[in-house]
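Letter by letter, the chains look like this.
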Amino acid sequence: MEIQCRIGADIHMAFDELTSLADTYEYNKEALERTERWAQISLDVHKQHRDDLGYRQSLYGVLQGGRWEDLRRSTAKKLGQMDFDGYGLGGAFLKSDLGEILKWCNEELPEGKPRHLLGLSRPDDILIGSENGADTFDCVAPTREARHGRLYTKYGYINIEKYAGSLDVIDEHCDCPVCQAGYTRDELRALLKSQDPEDREKYFTLASIHNLRFTIRLTEEIRQAILDGRFEEYKQQFMKDYYGFSPKGAANEKKNTNKQ
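Small disclaimer: the values here were computed from a predicted structure and weren't measured.

(A) How the structure looks around the pairing of strand β3 (residues 86–89). Along β3, one buried face is formed by Gly86 and Gly88 and the opposite face, lined by Tyr87 and Leu89, is buried too. Judged from the 4 bridges that link them, strand β2 (residues 58–63) and β3 form a sheet pairing that is parallel. Paired with Leu63 across the strands is Leu89, a residue of β3. Taken together, β2, helix α3 (residues 69–80) and β3 form a β-α-β motif whose crossover is right-handed. In this sheet, strand β4 (residues 115–117) lies alongside β3 in parallel orientation, the contact comprising 3 bridges. Along β4, the bridge assignment pairs Leu89 with Leu117. The handedness of the β3 to β4 crossover, carried by helix α4 (residues 98–108), is right-handed.

(B) Molecular detail of α4. Every buried residue of α4 is accounted for by Leu98, Gly99, Ile101, Leu102, Trp104, Cys105 and Asn106. Looking at the packing, one finds that the buried side of α4 touches β2, α3, β3, β4 and α5 (123–131).

(C) Structural context of the nonpolar core. The biggest cluster of nonpolar side chains holds 37 residues, and the ones touching the most others in it are Leu63, Phe84 and Phe238. Elements represented by at least two residues in this core include exactly α2 (25–49), β2, α3, β3, α4, α5, α9 (197–227) and α10 (231–242). When sequence neighbours within four positions are dropped, the list of residues in contact with Phe84 reads Ala14, Ala39, Leu43, Leu59, Tyr60, Gly61, Leu79 and Lys113. Listed in part, the 17 residues of the second largest apolar core include Cys174, Leu188, Leu191 and Leu192.

(D) A look at the layout of surface pockets. Its volume calculated, the largest pocket comes out at about 400 Å³. Asp135, Thr136, Phe137, Thr219 and Arg223 are the residues nearest the centre of the largest pocket, which is lined by 18 residues in total. When residues of the lining of the largest pocket are traced back to their parent elements, those giving at least two are α5, β5 (136–137) and α9. The biggest single contributor to the lining of the largest pocket is α9, with 8 residues. Residues belonging to the lining of the largest pocket are distributed by class as follows: 10 nonpolar, 5 polar and 3 charged.

(E) Molecular detail of the pairing of β2. With 6 of 6 residues buried, β2 is to be regarded as a mostly interior element. What you see with β2 is no split at all: Ser58, Tyr60 and Val62 on one side and Leu59, Gly61 and Leu63 on the other are buried throughout. Examined bridge by bridge, strand β1 (residues 11–13) and β2 share 3 bridges and lie parallel to one another. Bridging from a neighbouring strand, Ile11 pairs with Ser58 of β2. In this view, the connection linking β1 to its parallel neighbour β2 by way of α2 has right-handed handedness.

(F) Just empty space enclosed by the protein, in detail. Inspection of the entire model under this criterion finds 1 cavity of 30 Å³ or more. Taken as a whole, the largest cavity encloses approximately 40 Å³ of empty space. For the largest cavity, the full set of lining residues is Thr19, Ser20, Leu21, Asp23, Asn28, Gly66, Arg67, Trp68 and Ala92. A breakdown of the residues in the lining of the largest cavity according to their chemical character gives 3 nonpolar, 4 polar and 2 charged.

(G) Region of interest: the pattern of salt bridges. The full count for this structure, using the stated rule, is 20 salt bridges. Of the charged contacts, one joins Lys193 and Glu161 as a salt bridge, the two residues approaching to 3.7 Å between their closest N and O atoms. A residue pair is termed long-range when its members are at least 10 positions apart, and Lys193 in helix α8 (residues 185–193) and Glu161 in the loop between β7 (158–159) and α7 (177–180) qualify at 32 residues. Judged by its relative accessible area of 41%, Lys193 falls in the partly exposed class. A salt bridge links Arg230 to Asp228; the shortest N-O distance between them is 3.5 Å. Of the residues examined, Asp228 reaches a relative accessible area of 43% and is grouped as partly exposed.

(H) Summary view of the side chain of Ser208. As for its position among the elements, Ser208 is in helix α9. The exposure class assigned to Ser208 is buried, which follows from its relative accessible area of 13%. In contact with Ser208, other than residues within four places in its own chain, are Thr143 and Ala146.

(I) Up close: the sheet that holds β3. The sheet built from 5 strands is open, its strands ordered β1-β2-β3-β4-β5 with parallel pairing. What marks the edges here is a single partner per strand, and that holds for β1 and β5. Lying on the sheet, α2 is in contact with β1 and β2; it crosses β2 at an angle near 175°. This element, α3, spans β2 and β3 of the sheet and lies at about 160° to β2.

About the thresholds
- Residues numbered from 1 in each chain as written.
- Predicted model: local features only at pLDDT ≥ 70, side-chain atom pairs only at ≥ 80, totals over all residues.
- Heavy atoms only, no water.
- Buried < 20%, exposed > 50% of the residue type's maximum accessible area, 1.4 Å probe, protein only.
- Helix = DSSP H or I, 4+ residues; strand = E, 2+ residues; numbered from the N terminus.
- Pairing = 2+ DSSP bridges.
- Right-handed = clockwise from strand over helix to strand, strands pointing away.
- Contact = heavy atoms within 4.5 Å.
- Core = buried A, V, L, I, M, F, W, Y, C linked by side-chain atoms within 4.5 Å.
- 1 Å grid on protein atoms, 1.4 Å probe; cavity = no way out; pocket = protein on both sides within 12 Å on 5 of 7 lines; lining within 4 Å.
- Points joined across faces, edges and corners; volume = space filled by probe spheres on them.
- Nonpolar A, V, L, I, M, F, W, Y, C, P; charged D, E, K, R; others polar.
- Salt bridge = Lys/Arg side-chain N within 4 Å of Asp/Glu carboxyl O.
- Axes fitted to C-alpha atoms, helices over the stretch in contact; angles between N-to-C directions.

Don't take any of this as a statement about function, it's just geometry.
Listed below in structure tokens is the structure:
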């Protein structure tokens, strides 16, 4: 906790134990009790240092509990009564359970504090998270997938290595600096395939900028759709465009070479 304070992050997380899908209910209960003890220790240490930093640093408590409703609701109530600035929604669980688990947690957490979904930021994750009370998200996916040639578009991702000779930009609907500057798919592919480290580094930067802008724009559009009272309509249309099916089929990936 002291190291996190010294690093200087705007938001840092209380210490927690992440269990796996293979762990039993009994082990999850034991791990959760440990996480709750660590939550109080983390808060105590944070309070010792926060006034000496010279800037505002928020501490989030982390909710675990696996796939069990009683554990999720219980820890949400306990951590919700503690003096955290917000809450990280974590854990190992099946993607099909994500919405239900978030619902359990967010029904118990205080409404006036932000809820952060840990480690998930693919489009359907963000939609499910937003629908069930998550406010912010983090994940390595946009930059990691960019480095491996997977670039996001309105109609699903593309594998840039397949676009030799293409004069199209990544996505004609995109307002990121890369698309607006007119970089073609062929140019980006050439940078990725180059043996020159500087070319590859340039590709990594450009591709990451594009995927991050796509993700941020998605959250902007979701926010506006919520404010306009048309979230469900927006979700249905986005899922149809990006995945090629309705949200009910989101667990199954479209059988298309350009889709997940």
